[in-house]
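Here is what each chain is made of, one letter per residue.
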Amino acid sequence: MHTWRALLRPGGFLLAAITDVSPVGGTVSHRTTVITAARAAGLYFRQEFLVLRTPLPEHEPRAMPNPTGSLGPALVDGRHEVIHLRLAAFSTAPGGTHV
C-alpha cells in the first residue's frame with residue numbers, strides 16, 4: 001500500500017480488489033487487513049463496491065416454492081456460490097489534509 005500511495009496524486013483514488021472475504025477459523029478477514037494496511041500507508045477508506053462476476057439469474061431457484069416443501073440445495077460443493085467480488089475505494093487527502 002505504501003508503494004501505491006506514493007504513486008497517487010493528492011486527491012487520487014485507489015481501488016483494491018478483495019477476492020477472499022471469509023475469514024478462516026478466527027483469523028482476521030482479508031477486508032480488515034487491506035483497510036488496515038491502507039490506513040497505515042496514509043490512505044482513507046471511502047467506499048466499498050460489489051462487482052458481479054456472473055449475471056444474476058432471473059429467478060433464484062432456492063427462493064421459489066416447491067411442491068415437496070424443499071427449497072433445493074443452498075450450497076454448491078458445501079459452499080455458497082460466489083458471484084461477486086468486493087472493491088474497496090481509498091483516497092489520499094487533497095492538499096495533504098484529512099478529509
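About the cut-offs
Residues numbered from 1 in each chain as written. Predicted model: local features only at pLDDT ≥ 70, side-chain atom pairs only at ≥ 80, totals over all residues. Heavy atoms only, no water. Helix = DSSP H or I, 4+ residues; strand = E, 2+ residues; numbered from the N terminus. Polar contact = N/O pair within 3.5 Å; in protein donor to acceptor, adjacent residues only side chain to side chain. Contact = heavy atoms within 4.5 Å. Core = buried A, V, L, I, M, F, W, Y, C linked by side-chain atoms within 4.5 Å. Buried < 20%, exposed > 50% of the residue type's maximum accessible area, 1.4 Å probe, protein only. Arc of directions from axis to C-beta.

A.B. asks: Can you help me understand the side chain of serine 91 in this one?
C.D. replies: Inspection of the secondary structure puts serine 91 in strand β3 (residues 84–91). Polar side-chain contacts of serine 91 include one of 2.7 Å to the side chain of arginine 46. In contact with serine 91, not counting residues within four places along its chain, are Gly12, Phe13, Leu43, Tyr44 and Arg46.

A.B. asks: What exactly am I supposed to notice about the nonpolar core here?
C.D. replies: A general tendency of soluble globular proteins is for nonpolar side chains to be buried together. Residues Leu8, Leu14, Ala16, Ile18, Val34, Ile35, Ala38, Leu43, Ala88 and Phe90 constitute the largest nonpolar core, which totals ten residues. Broken down by secondary-structure element, the contributors of at least two residues to this core are β1 (13–18), α2 (30–40) and β3. With near-sequence residues (within four places) excluded, isoleucine 35 lies in contact with Phe45 and Phe90.

A.B. asks: I'm lost on α2 in this one. Help?
C.D. replies: Spacing of three or four residues puts side chains on the same side of an α-helix, whose turn is 3.6 residues. For α2, the set of buried residues is Val34, Ile35 and Ala38. Looking down the long axis of α2, one finds its buried residues gathered within 95 degrees of arc, a one-sided arrangement. Of the surrounding elements, those touching the buried residues of α2 are β1, β2 (44–52) and β3. Looking one or two places after α2, you find glycine 42, whose phi comes out positive at around 90 degrees.

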